[in-house]
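Coordinate analysis (summary)
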Amino acid sequence: MTGEAPKLLSGGNPQIPKGYGDAPVQAYIAAMPGWKRAVGERIDALIAKAVPGVQKAVKWNTPFYGMEKDIWFTAFHCFDKYIKVSFFRGASLDPVPPVASKVADTRYYHIHEDDFDETLFADWVKQASRLPGEKM
């Protein structure tokens, strides 16, 4: 490791090598630009609290969370103006996350600066963790 900061890709998304466990996820969060870093820390903490023993990984420069290795229920990714949270079985959540996907069962929650409903998010995470995950 050279001590250089990770490169930021399109939309300010950190380029982090693929890896399993908490360390690559924390490296991704530490490299999130501006206000997104604090929100990334909250996302990670809320998921860890809602789902004890959650599995973590970074794949495709995106943190993933699941109940077992390579079976994921949520992930998030930085864009210029928001953080996109993917719920892979989001169409089964109540209420359904607001943003549709080209993939029928996937729904998105876009978190903008100063607009993060942590209570609703934690509820979605708990619900999503009890549904079948997506193998990736």
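1. Concerning the pattern of salt bridges
In the structure shown here, the tally under the stated rule is 7 salt bridges. Asp-22 serves as the salt-bridge partner of Lys-56, at 2.7 Å between the closest nitrogen and oxygen. Within this pair, whereas Lys-56 is found in strand β2 (residues 55-59), its partner Asp-22 is found in helix α1 (residues 22-31), the two being separated by 34 residues in sequence. In this structure, the salt-bridge partner of Glu-41 is Arg-37, at a minimum N-O distance of 3.5 Å.

2. Looking at the environment of Gln-127
In this fold, Gln-127 is placed in helix α3 (residues 118-129). Sequence separation between Gln-127 and Leu-93 is 34 residues, and the spatial gap between their C-alpha atoms is 6.5 Å. Non-local contacts of Gln-127, meaning those with residues more than four positions away in its chain, are made with Ser-92, Leu-93 and Asp-94. Of the polar contacts made by the side chain of Gln-127, one reaches the side chain of Asp-123; its length is 2.9 Å.

3. Some remarks on unusual backbone geometry
Omega for the bond connecting Asp-94 with Pro-95 falls within 30 degrees of zero, at -5°, which places this linkage in the cis form. Note that Pro-95 resides in the loop between β5 (82-87) and β6 (99-100). Of note, the phi angle at Asp-114 is positive, near 60°, even though the residue is not glycine. Inspection of the secondary structure puts Asp-114 in the loop between β7 (107-112) and α3.

4. Let's talk about the pairing of β2
Here β2 lies mainly inside the structure; 4 of its 5 residues are buried. The sheet contact formed by strand β1 (residues 19-20) and β2 spans 2 bridges and is antiparallel. Bridge pairing links Gly-19 to Val-58 in β2. The sheet contact formed by β2 and strand β3 (residues 62-68) spans 5 bridges and is antiparallel. Among the inter-strand pairings, Ala-57 is bridged to a residue of β3, identified as Phe-64. Two successive antiparallel strands, β2 and β3, enclose a turn made up of 2 residues, where Trp-60 displays a positive phi of approximately 50°.

5. Describing the side chain of Asn-61
Relative to the helices and strands, Asn-61 is located in the loop between β2 and β3. Residues within four places of Asn-61 in sequence aside, it is in contact with Leu-9, Asn-13, Pro-14, Gln-15, Ile-16, Tyr-28 and His-77.

Conventions used here
Residues numbered from 1 in each chain as written. Predicted model: local features only at pLDDT ≥ 70, side-chain atom pairs only at ≥ 80, totals over all residues. Heavy atoms only, no water. Salt bridge = Lys/Arg side-chain N within 4 Å of Asp/Glu carboxyl O. Helix = DSSP H or I, 4+ residues; strand = E, 2+ residues; numbered from the N terminus. Contact = heavy atoms within 4.5 Å. Polar contact = N/O pair within 3.5 Å; in protein donor to acceptor, adjacent residues only side chain to side chain. Buried < 20%, exposed > 50% of the residue type's maximum accessible area, 1.4 Å probe, protein only. Pairing = 2+ DSSP bridges.

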